[in-house]
Amino acid sequence: MLRESEARDRTAFIELFASSDVHTYLGGPRPRDELEREVPEIPGRRPGFFVIDLGGAMIGQITLTKDTGHLRQAAGKAELGYLFLPEAWGRGYAAEACAAALGWFASALPGEPVVLATQTANERSMRLAAKLGFVEVERFEAYGAEQSFGMWSPVAPSE
C-alpha cells in the first residue's frame, strides 16, 4: 500500500538512510547519530512522496517530484526515486509500488513523462527501470560512475 508518512515510520527512515546496502550506489550511508538528530518526527511529508507499507510497517519509499536540477537531463521533469529496506528486496514490491505510483502520476498529470537516473552498475535498478517501461535515452558520467538516464511516458488508452 502507498500512503503518507507517519510518526511511526521514523525508525524505518533512519534505517533506510543508514543502510550501507541501500546506499551502495548512492554515495554511501549517512551516520545513524546524524540521522537521529536530523530526521523530523514525521519524515517525508510532501507532495509526491509515498511510504510503501506492508502489513502496517514501512518497507520503503517512493518519490515522484519535479527535479530541482541535480542532473541537467532531468531539469524541470518529474523524476522517480525509490528506496527499499534490504529485507524487502527480490519480492516484487518495488515493481508493484513503482507501477502504482506511476499510475497515480499518469492520472494526476496526463501525458507528462517521468525520468529516472540510476548507476548502470546497479543491475537490480536497471532491470526494474526496464520492467516499468523506462526507455534509456542516454548514458553519462556523474558522481564518479556511469549513469543511465531513462524516460517513461504514459500509454494513452486506445480508442
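Anything mentioned here points back to the structure above.
A brief structural summary. Because the structure is predicted, anything quoted here is derived from the model rather than measured.

## Quick notes on the pattern of salt bridges
Tallied over the full model, the rule gives 13 salt bridges. Asp53 is paired through a salt bridge with Arg8; the nearest N and O atoms lie 3.5 Å apart. On the criterion of sequence distance, the pair formed by Asp53 in strand β2 (residues 49–54) and Arg8 in the loop between β1 (2–3) and α1 (10–18) is long-range, its members being 45 residues apart. The exposure class of Asp53 is buried, given its relative accessible area of 8%. Assessed through its relative accessible area of 46%, Arg8 is described here as partly exposed. Residues Glu112 and Lys66 are paired through a salt bridge, measuring 3.8 Å at the closest nitrogen-oxygen approach. With a gap of 46 residues between them, Glu112 in the loop between α3 (93–108) and β5 (114–119) and Lys66 in strand β3 (residues 57–66) connect regions that are remote in the sequence. Owing to a relative accessible area of 33%, Glu112 belongs among the partly exposed residues under this scheme. A single salt-bridge network, built from bridges that share partners, covers Arg3, Glu6, Arg8, Asp9 and Asp53.

## A look at the environment of Phe134
Mapped onto the elements, Phe134 comes out in the loop between α4 (123–132) and β6 (135–142). The class of Phe134 is buried, set by a relative accessible area of 9%. A C-alpha to C-alpha distance of 7.8 Å links Phe134 and Val115, two positions 19 residues apart in sequence. When residues no more than four places from it in sequence are discounted, the contact partners of Phe134 are Leu80, Leu102, Val114, Val115, Leu116, Ala129, Gly150, Met151 and Trp152.

## Here we look at the packing of aromatic side chains
In total, this model carries three aromatic pairs according to the counting rule given. Here Phe13 and Phe17 contribute two aromatic rings whose centre-to-centre distance is 6.4 Å and whose plane-to-plane angle is 15 degrees, an arrangement assigned as stacked. Of this pair, Phe13 and Phe17 both sit in helix α1, four residues apart, roughly one helical turn. Look at Phe13 and you get buried, because its relative accessible area is 2%. With a relative accessible area of 22%, Phe17 lands in the partly exposed category. Both rings, one in Phe13 and one in Phe49, keep their centres 5.7 Å apart while their planes meet at 20 degrees; by these two values the pair is stacked. Highlighted residues: Phe13 in helix α1 and Phe49 in strand β2, separated in sequence by 36 residues. The exposure class of Phe49 is buried, given its relative accessible area of 6%. Every member of this aromatic cluster is reached through a ring pair, and the members are Phe13, Phe17 and Phe49.

Scoring rules and cut-offs
Per chain, residues are indexed from 1 in the order of the written sequence. Residue-level local features of this predicted model are given only where pLDDT is at least 70; pairs of side-chain atoms are given and counted only at 80 or more, and the full residue set underlies all totals for whole chains, interfaces and linings. Only heavy atoms go into the side-chain values, all of them from the structure, while hydrogens and water stay out. For this document, the term salt bridge refers to a Lys or Arg side-chain nitrogen within 4 Å of an Asp or Glu carboxyl oxygen. Put simply, DSSP marks the helices as runs of H or I at least four residues long and the strands as runs of E at least two long, and each gets a number from the N terminus on. The cut-offs for exposure are 20% and 50% of the maximum accessible area for each residue type, with area from a 1.4 Å probe on protein chains only; residues under the lower value are buried, those over the upper are exposed, and the others partly exposed. In what follows, a contact means two residues having at least one pair of non-hydrogen atoms within 4.5 Å. Pairing of aromatic rings covers Phe, Tyr and Trp, the last counted by its six-membered ring, and requires centre-to-centre distances within 6.5 Å; plane angles under 30 degrees mean stacked, over 60 mean edge-to-face, and any other angle means tilted.

Geometry only, nothing functional implied.
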